[in-house]
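# Structural overview for review
Letter by letter, the chains look like this.
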Amino acid sequence: ASSLMTDAEQLAAQGDRISHGDQLSYLMETVANGHTFMSPMQSYHMTAKALSTMTLEDVNEAAAELCSHVSSIHDGAEASEGPIIAIACTPKGPKEGDPGFCDEDSLVQAIYEACQIEVEPEEDVVVPHTLIPEEELAKAIAENQPEWKGGKFTDGTPDTAADSLT
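What you see as residue numbers is a count from 1 along each chain, following the sequence as written. pLDDT decides what is reported in this predicted model: residues at 70 or higher carry local features, side-chain atom pairs at 80 or more are listed and counted, and totals for whole chains, interfaces and linings draw on all residues regardless. In computing side-chain values, all of the structure's heavy atoms are included and hydrogens and water are not.

Okay, the packing of helix α1 (residues 2-13) against helix α3 (residues 40-53) next. Orientation is described by axes fitted as lines to C-alpha atoms, over the contacting stretch for helices, and by angles from 0 to 180 degrees between their N-to-C directions. We count a stretch as a helix when DSSP gives it H or I for four or more residues in a row; a strand needs E for two or more, and each element gets its number in order from the N terminus. The contact between α1 and α3 brings their axes to 8 Å, and the two run at 160°. Relative to α3, the element α1 is oriented roughly antiparallel. The hand of the α1/α3 crossing is left-handed. Between α1, through Leu4, Met5, Ala8, Glu9, Leu11 and Ala12, and α3, the contact on the second element is made entirely by Pro40, Met41, Tyr44, Thr47, Ala48 and Leu51. Per-class residue counts for the contact of α1 with α3 are 10 nonpolar, one polar and one charged. For classification, angles of less than 35 degrees are called roughly parallel, those exceeding 145 degrees roughly antiparallel, those between 65 and 115 degrees roughly perpendicular, and all remaining angles oblique. Helix crossings get a hand from a simple test, with the near helix turned counterclockwise from the far one by less than a right angle marking a left-handed crossing and a clockwise turn marking a right-handed one. In what follows, a contact means two residues having at least one pair of non-hydrogen atoms within 4.5 Å. Polar here means any residue other than Ala, Val, Leu, Ile, Met, Phe, Trp, Tyr, Cys and Pro, which are nonpolar, and Asp, Glu, Lys and Arg, which are charged; Gly is therefore polar.

Written out as structure tokens, the structure is:
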């Protein structure tokens, strides 16, 4: 959830710098999908509100539904409805017995065997906002103060003053 909030926070912070073309594309996609168009700040607040009401059970239920076509292959699991489609990309021309050989039976067997493996959940990882310590950032900012400089050109364009726009 923290990475989702970080993404929403970054989008909200950049809200006034999103190009008109990107805004138009976002609006068209929103309308085409029947979603509600929101400003980045509105989206941030709604994301925070939605995440505050979500439980681990809600997430697990949605994941089980999304992955039921694969998890139903596990022995003892309830079978899913409908077909399961798999596509395999292999080198051209391997013969039977070659490690790259793939036919329908070997593909089905590989998928079945993979579905029998118990999956252990990953530990939650705290993602820092920055990889550079605050003291180091403060020192770098103090040593590298921003300044306006005039434009210097080598193509014959006249130089510009630091306080003028070109």
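Our focus in this paragraph is the packing of aromatic side chains. Pairing of aromatic side chains here covers Phe, Tyr and the six-membered ring of Trp, requires ring centres within 6.5 Å, and sorts the geometry by plane angle: under 30 degrees stacked, over 60 edge-to-face, intermediate tilted. If you walk through the whole model with that rule in mind, you get one aromatic pair. Taking the centre distance of 5.2 Å and the plane angle of 45° together, the rings of Tyr26 and Phe37 count as tilted. One end of the pair, Tyr26, is in helix α2 (residues 20-32); the other, Phe37, is in the loop between α2 and α3, with 11 residues separating them in the sequence.

What follows covers the layout of surface pockets. Gaps between atoms show up when a probe of the same size as a water molecule is rolled over them. Using a grid of 1 Å spacing that covers the protein atoms alone, one calls a set of points a cavity when a 1.4 Å probe fits there but cannot get out, and a pocket when the set is open and has protein on both sides within 12 Å along at least five of seven lines; lining residues are those with an atom within 4 Å of a point. Grid points are joined across faces, edges and corners, and a volume is the space filled by probe spheres set on the points. Its boundaries defined by the atoms lining it, the largest pocket holds a volume of some 350 Å³. What lines the largest pocket is simply Leu56, Val59, Asn60, Ala63, Ala64, Cys67, Val70, Ser71, His74, Cys115 and Pro121. Among the elements of the structure, α4 (56-66) and α5 (68-71) are those that each provide at least two residues to the lining of the largest pocket. Counting residues per element, the lining of the largest pocket draws most heavily on α4, which supplies five residues. Within the lining of the largest pocket, the residues separate by chemical class into eight nonpolar, three polar and no charged.

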